[in-house]
Amino acid sequence: MDSRISARALAAALGGWRGSGSAYESLADGIRLLCLDNRLAPSTALPAERELASALSLSRTTVAAAYRSLRATGHIESLRGSGSVTLPLRRNDPGGHEGDGATIDLQQASPAAWPGLPAVIAEATQDAPALVARIGYDVVGDPRLRAAIARHYVERGMPTSPDQILVTTGAQSAIHLIASVLLSRADRVILETPTYPHAADAFRRVGARLVGVPVDSTTGWDLERAAQSFARALPSLAYLMPDFHNPTGRTMTAGEVSAFVAAAQATGTLLVLDETTAQLDIDRTSGPAWFPDDDRIIRVASLGKTVWGGLRVGWIRAAPDIVRRLASGRPVHDLGTPEIEQAIATRLVPRLDEIARQRGDVLRAGRDALVAALRSELPDWEVPEVFGGVSLWVGLGEPLSTPLVMNARARGLALSAGSRFAVEGGHDRRLRVPFTAPPATLERAVDVLRVAWDDVRDGRTSPVREDFATVI
Ligand SMILES: Cc1ncc(COP(=O)(O)O)c(C=O)c1O
């Protein structure tokens, strides 16, 4: 057996699992969603029925019935004497928006590849001898790519030299590297809630204690809570998405930027700014969030959303001594970024502004179609106004995100429940709906959501459909 989850931890992860149908089926669905989200890994021992019943203030019969239902659907097995253990799920291809024709996958808020990419790949790979000229093991990155990335910052008014850049295999690997090299067990880390879940997982994995600061699509960052959290937690690090925050789409105002900078300075906290989504501007009227250039600020970015997720090229911009520390801690993760991808990226980075403008057009079509469909089909939902990013953080008005996601999944629409983006529980009244898919797909997705919502509100349950989900 690989791991076990305590009744308290499971109750916290379940958050608002209660639908309006039978309690045992809602509980079983809540546990299924944790398995689907990979928040409950295969071979995890679940708490004994009595313990979970007490943590959730339920009768033991209800928990026993939920476990029975999970056994019937193949999510857990119960062995005499060793309790109930989660089973591996059948894994469908998590890529693409439409798997087998019947499925719409909106778990990954990632646009299709930029159309100019195949030509750039063809051009970059033409000169194969040049591609294999370097030794290939390089934990800081190809000097030509580092120079191109440095120039990208200089053009934004931020003097940068290549020794401030470390190339990674995507932003996720950058975040994990930062977490594992710069943090120690039990260090406090501030994150927005909701946040990008794999970043939260990376900080949890190194044993950090996470503290959430709320951010909302319409009201922005909760600065009072931020000030209290910095003062009380004295965090070692704060991980923020200041520009087109994923999932809310919100960009920090100048006042919000100053508040975070002042709080971080007062507590000596490292600020990690994830700018992976920063260039996904559709039609903003105010400028980007502008943090000062400071040795205690680390920036993370990638080509994943602007060009293509499959390229797996990202980077870190930090003070040279931090770059050196990160580089020396890197070999345990990987021994560099693939050379061919770096050669392609070297041609793409100088064109990022042009690429981002084209991305804006694609995202505009998706956002406008999604907003219109949601407002017409689900008028009671709160649909925020966003000017960029990848998704809408929709308000359902009732804490039914988990049962809604399970019901929609049974109807062939895969989404992530609001709770997946929470730092310390909650967000059960929210649903992230990405607008990165084509408009016609988004309209079909909203049709499914409308039917699923009627079911969930009336307490009807749905057949189970399983696959594995990576939230992007
Ligand atoms: C905010 C944020 N950070 C990081 C990542 C991971 O990016 P990459 O694909 O470059 O690893 C994503 C991808 O969804 C993201 O939305």
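Note that the structure is a prediction, hence the values are computed from the model and not measured.

A. Expanded view of the site of the ligand. Of all residues adjacent to the ligand, which total 14 residues, the nearest are Gly170, Ala171, Gln172, Ser302 and Gly304. The leading source of residues in the shell around the ligand is helix α8 (residues 170-182), at 3 residues. Here the shell around the ligand is built from residues that sort into 4 nonpolar, 9 polar and 1 charged.

B. Here's a closer look at the domain arrangement of the protein chain. The domain boundaries assigned to the protein chain delineate domain 1 (3-86), domain 2 (104-114 + 354-457) and domain 3 (125-351). Domain 1 and domain 2 are separated by 27 Å when their C-alpha centres are compared. At the interface, 12 residues of domain 1 touch 16 residues of domain 2. Considering each element in turn, the side of domain 1 that touches domain 2 owes the most residues, 5 residues, to helix α2 (residues 23-36). Partitioning the side of domain 1 that touches domain 2 into residue classes produces 3 nonpolar, 6 polar and 3 charged.

C. Just the nonpolar core, in detail. The biggest cluster of nonpolar side chains holds 68 residues, and the ones touching the most others in it are Ile178, Val189, Ala238, Tyr239, Val272, Val300 and Ile316. The element best represented in this core is α8, accounting for 6 residues. Split by domain, this core shows at least three residues from each of two domains, domain 2 (104-114 + 354-457) and domain 3 (125-351).

D. Main features of the packing of helix α7 (residues 143-155) against helix α13 (residues 339-348). Where α7 meets α13, the axes come as close as 9 Å, and the angle between the chain directions of the two elements is 30°. Between α7 and α13, the angle falls in the class roughly parallel. Considering only the axes of α7 and α13, their crossing is left-handed. Across from Arg144, Leu145 and Ala148 in α7, the residues of α13 making contact are Gln342, Ala345 and Thr346. Looking at the contact of α7 with α13, its residues break down into 3 nonpolar, 2 polar and 1 charged.

E. Representation of the sheet that holds strand β7 (residues 188-193) in the model. Here 8 strands make up an open sheet; going across it, the order is β6-β13-β12-β11-β10-β7-β8-β9 and the pairing mixed. The open sheet has two edge strands with one neighbour each: β6 (165-168) and β9 (220-221). Where strand β11 (residues 270-274) meets strand β12 (residues 297-302), 4 bridges bridge the pair, whose relative direction is parallel. Pairing of aspartate 274 across the sheet is with valine 300, part of β12. Against the sheet, helix α10 (residues 223-233) contacts β7, β8 (209-216) and β9, and its axis sits at roughly 165° relative to β8.

F. Expanded view of helix α15 (residues 401-410). In terms of burial, α15 is a largely internal element, 9 of the 10 residues being buried. For α15, the secondary structure elements touched by its buried residues are α2, β15 (413-414), β16 (430-434) and α16 (439-457). Two residues or fewer past α15, glycine 412 is found with a positive phi of approximately 90°.

G. Region of interest: the environment of phenylalanine 291. With respect to the helices and strands, phenylalanine 291 occurs in the loop between β11 and β12. A tally of 21 C-beta atoms within 10 Å means that phenylalanine 291 is categorised as buried. Taking C-alpha positions, phenylalanine 291 is 17 Å from alanine 150, a pair spaced 141 residues apart along the chain. Not counting chain neighbours up to four residues away, the residues in contact with phenylalanine 291 comprise Pro242, Val257, Val261, Leu273 and Ile297.

H. Highlighting helix α12 (residues 320-329). Restricting attention to buried positions, one finds in α12 the residues Ile322, Val323 and Leu326. The buried side chains of α12 occupy one side of the element, clustering within an arc of 100° when seen end-on. Residues of α12 that are exposed and point over 90 degrees away from its buried face: Asp321 and Ser328. Those residues of α12 hidden inside the fold are in contact with β6, α8, β12 and β13 (314-317).

I. Region of interest: the confidence of the model for the protein chain. Averaged over all residues, the pLDDT of the protein chain is 92; the fraction at 70 or higher stands at 94%. For the stretch residues 93-101, pLDDT sits under 50, and the model shows 15 contacts to residues farther than four places along the chain or on other chains.

J. Geometry of the packing of helix α14 (residues 352-377) against α16. Packing of α14 against α16 brings their axes to within 9 Å, and their N-to-C directions diverge by 25°. When the axis of α14 is compared with that of α16, the two are roughly parallel. Two packed elements cross with a definite hand, and for α14 against α16 that hand is right-handed. Between α14 and α16, the residues in contact are Ala365, Gly366, Ala369, Leu370, Ala373, Leu374 and Glu377 and Pro439, Leu442, Glu443, Val446, Asp447 and Arg450, respectively.

K. Fine view of unusual backbone geometry. Each neighbour pair has its own omega, and for threonine 193 with proline 194 the value is 5°, a cis peptide bond. Take proline 194: it is sitting in the loop between β7 and α9 (197-205). Its identity is not glycine, yet leucine 234 carries a phi of approximately 40°, on the positive side. Tracing the backbone shows leucine 234 in the loop between α10 and β10 (237-240).

The rules behind these values
- Residues numbered from 1 in each chain as written.
- Predicted model: local features only at pLDDT ≥ 70, side-chain atom pairs only at ≥ 80, totals over all residues.
- Near = placed C-beta within 6 Å.
- Helix = DSSP H or I, 4+ residues; strand = E, 2+ residues; numbered from the N terminus.
- Nonpolar A, V, L, I, M, F, W, Y, C, P; charged D, E, K, R; others polar.
- Domains from an automatic or database assignment.
- Contact = placed C-beta atoms within 7 Å.
- Core = buried A, V, L, I, M, F, W, Y, C linked by C-beta atoms within 7 Å.
- Buried ≥ 20, exposed ≤ 12 C-beta atoms within 10 Å, placed from the backbone.
- Axes fitted to C-alpha atoms, helices over the stretch in contact; angles between N-to-C directions.
- Parallel < 35°, antiparallel > 145°, perpendicular 65-115°, else oblique.
- Left-handed = near helix turned anticlockwise from the far one by under 90°.
- Pairing = 2+ DSSP bridges.
- Arc of directions from axis to C-beta.
- pLDDT = per-residue confidence, 0-100.

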